[in-house]
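# Examining the three-dimensional arrangement
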Amino acid sequence: MTAAPAAVRPPAPPQTPGEALGLLAARRATGALRGPLGSLHLVDGQVAHADSPRAPGLAELLTGCGRITPGQWAELLRLHGPRARVGEALVERRLLTRGELELGHLGTLFDAAFFVLADRTGGVWRFEPDARHWLGPVATVDPGRLRREVERRGRLLERIWPWPQLDTAPVRPVVPVPRPSHRPPGRRRCELLDHADGRRTPADLARLLGRSGFGVTADVRRLAAAGLLAAPRHAAPAVVPAVAVAPSGATPVAPATPVAPAPDAPAPARQPGGLHRRVPGATLAGAMPSGPVAPTRSDRPPTTAAAHPLAVPDPDIALLTRVRTLLEARL
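Calculation rules
Residues numbered from 1 in each chain as written. Predicted model: local features only at pLDDT ≥ 70, side-chain atom pairs only at ≥ 80, totals over all residues. Heavy atoms only, no water. Buried < 20%, exposed > 50% of the residue type's maximum accessible area, 1.4 Å probe, protein only. Helix = DSSP H or I, 4+ residues; strand = E, 2+ residues; numbered from the N terminus. Pairing = 2+ DSSP bridges. Contact = heavy atoms within 4.5 Å. Core = buried A, V, L, I, M, F, W, Y, C linked by side-chain atoms within 4.5 Å. Phe/Tyr/Trp six-rings, centres within 6.5 Å; stacked < 30°, edge-to-face > 60°. Lys NZ or Arg CZ within 6 Å of the ring centre and 35° of its normal. Expected span 1.5 Å × (residues − 1). Arc of directions from axis to C-beta. Polar contact = N/O pair within 3.5 Å; in protein donor to acceptor, adjacent residues only side chain to side chain. Axes fitted to C-alpha atoms, helices over the stretch in contact; angles between N-to-C directions. Parallel < 35°, antiparallel > 145°, perpendicular 65-115°, else oblique. Nonpolar A, V, L, I, M, F, W, Y, C, P; charged D, E, K, R; others polar.

## Focus on the pairing of strand 2 (residues 38–43)
Most of strand 2 is tucked away: 5 of the 6 residues are buried. As judged from the 5 bridges shared by strand 1 (residues 31–35) and strand 2, these two strands associate in the antiparallel manner. Bridge assignment links Arg34 to a residue of strand 2, and that residue is Ser39. Between strand 1 and strand 2, which pair antiparallel one after the other, the connecting turn spans 2 residues. With 5 bridges connecting them, strand 2 and strand 3 (residues 46–51) associate as antiparallel partners. Residue His41 lies in a different strand from strand 3, and its bridge partner there is His49. The turn joining strand 2 and strand 3, which pair antiparallel and follow one another in sequence, is formed by 2 residues; a positive phi near 55 degrees is taken by Asp44.

## Comments concerning the side chain of Asp167
Mapped onto the elements, Asp167 comes out in the loop between helix 6 (143–160) and helix 7 (187–195). Look at Asp167 and you get buried, because its relative accessible area is 11%. If we ignore the near neighbours within four places in the chain, the residues touching Asp167 are Arg54, Pro202, Thr217 and Arg221.

## Some thoughts on the nonpolar core
By size, the foremost hydrophobic cluster in this structure holds 60 residues, and its most contacted members are Leu40, Trp73, Leu76, Leu90, Leu146 and Leu229. By residue number, the principal contributor to this core is helix 5 (residues 98–117), which donates 10 residues.

## Some points on the packing of aromatic side chains
The relative placement of two aromatic rings is captured by the distance of their centres and the angle of their planes. Throughout the structure, instances matching the rule amount to 4 aromatic pairs. Taking 5.7 Å as the distance between ring centres and 90 degrees as the angle between the ring planes, the aromatic pair formed by Trp73 and Trp134 counts as edge-to-face. Separated by 61 residues along the polypeptide, Trp73 in helix 3 (residues 70–80) and Trp134 in the loop between strand 4 (126–129) and helix 6 bring together distant segments of the chain. Looking at Trp73, the relative accessible area reads 7%, which means it is buried. An angle of 75 degrees between the planes, with centres 5.2 Å apart, marks the rings of Phe114 and Phe115 as edge-to-face. Exposure remark for Phe115: the relative accessible area of 4% places this residue in the buried category. Among the aromatic residues, those joined into a ring-pair cluster are Phe114, Phe115 and Phe214. Of note, Arg153 hangs over the ring of Phe214, and the distance from its end group to the ring centre comes to 4.9 Å.

## Structural notes on helix 6
Taking 1.5 Å per residue as the helical rise, helix 6 with its 18 residues ought to reach 26 Å, and the 26 Å between its terminal C-alpha atoms agrees with that figure. Burial in helix 6 covers these residues: Pro143, Leu146, Glu149, Val150, Arg153, Leu156, Leu157 and Ile160. The buried residues of helix 6 occupy an angular sector of 145 degrees when the element is viewed end-on, so they sit on one face. Measuring from the side-chain oxygen of the N-cap residue of helix 6 to the backbone nitrogen of Gly144 gives 3.0 Å; that N-cap residue is Asp142.

## Notes on the packing of helix 5 against helix 6
Helix packing geometry: the angle between the two helix axes and the distance between the axes. Running from amino to carboxyl end, helix 5 crosses helix 6 at an angle of 75 degrees, the nearest separation of the two axes being 9 Å. Considering the angle they form, helix 5 stands roughly perpendicular to helix 6. In contact with Leu109, Phe110, Asp111, Ala113, Phe114 and Leu117 of helix 5, helix 6 contributes Arg145, Leu146, Arg147, Glu149, Val150, Arg153, Gly154 and Leu157. Here the residues of the contact of helix 5 with helix 6 sort into 8 nonpolar, 1 polar and 5 charged.

Here you go:
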């Protein structure tokens, strides 16, 4: 008697944005993976764009530093956004060189992708096939490399201070107790303290100062580890979002069961390394924050980016970051 064939179990659906990205890359999909903390646009399985409310985008950096006026940007979006040609129009009108466009695009892509792929807040994820980004084709990144960079940045934040509540809570400075061994913060972190008014989150400070969202997040954790920020004592429960990936359309999926947060833990030992130093953003001159702004304590001129070495292990990323930092210093 012939035994009945064993039932074939369907593959388990992806449970995280990173798993969904890997599945879409294997299918060489084209479209947009959207979730609570932003979206990733893919072209033939390669990541072409990333957007997140936690990280300033290319438009915010260019208009904030005065390189392009808000009116010019609105006109570009109106004329070329529906055809996904904003990037080409920037080069054709000589508002940016091709190199500046690629560097700015890759910098904002890695910055936003960190928050999109590291999302554990829960919510509905969906994939929209054939969705196009308004910027148009500029440069693409391999999904495997992008996931490795996201994991590296996540490990860096854990080494600095394993307290994710700080990433979304308003930044509240505290008056430090003078100690003989206390090392004062550097110029970049002093500027964060100067503009932290107890209402602005790290994302708000990143837009105000014209810096990357991840860079500000890492500096906030460093300041908290040094005892210069009031750390929130409670956090919302962390959940693992379910992701819907279907080649024929988008199907929302309810979030998974929440996981209780771990109890507060003492500060871990500080380890060397971290992000390179960045030039203070040029957005402060034209920023119009709501409510009173904390007075600025430091009136010293900014330090040039070339005076501080990079601490990025990947030489390609180090080169791109150094050139981008030098360009930002001259915007």
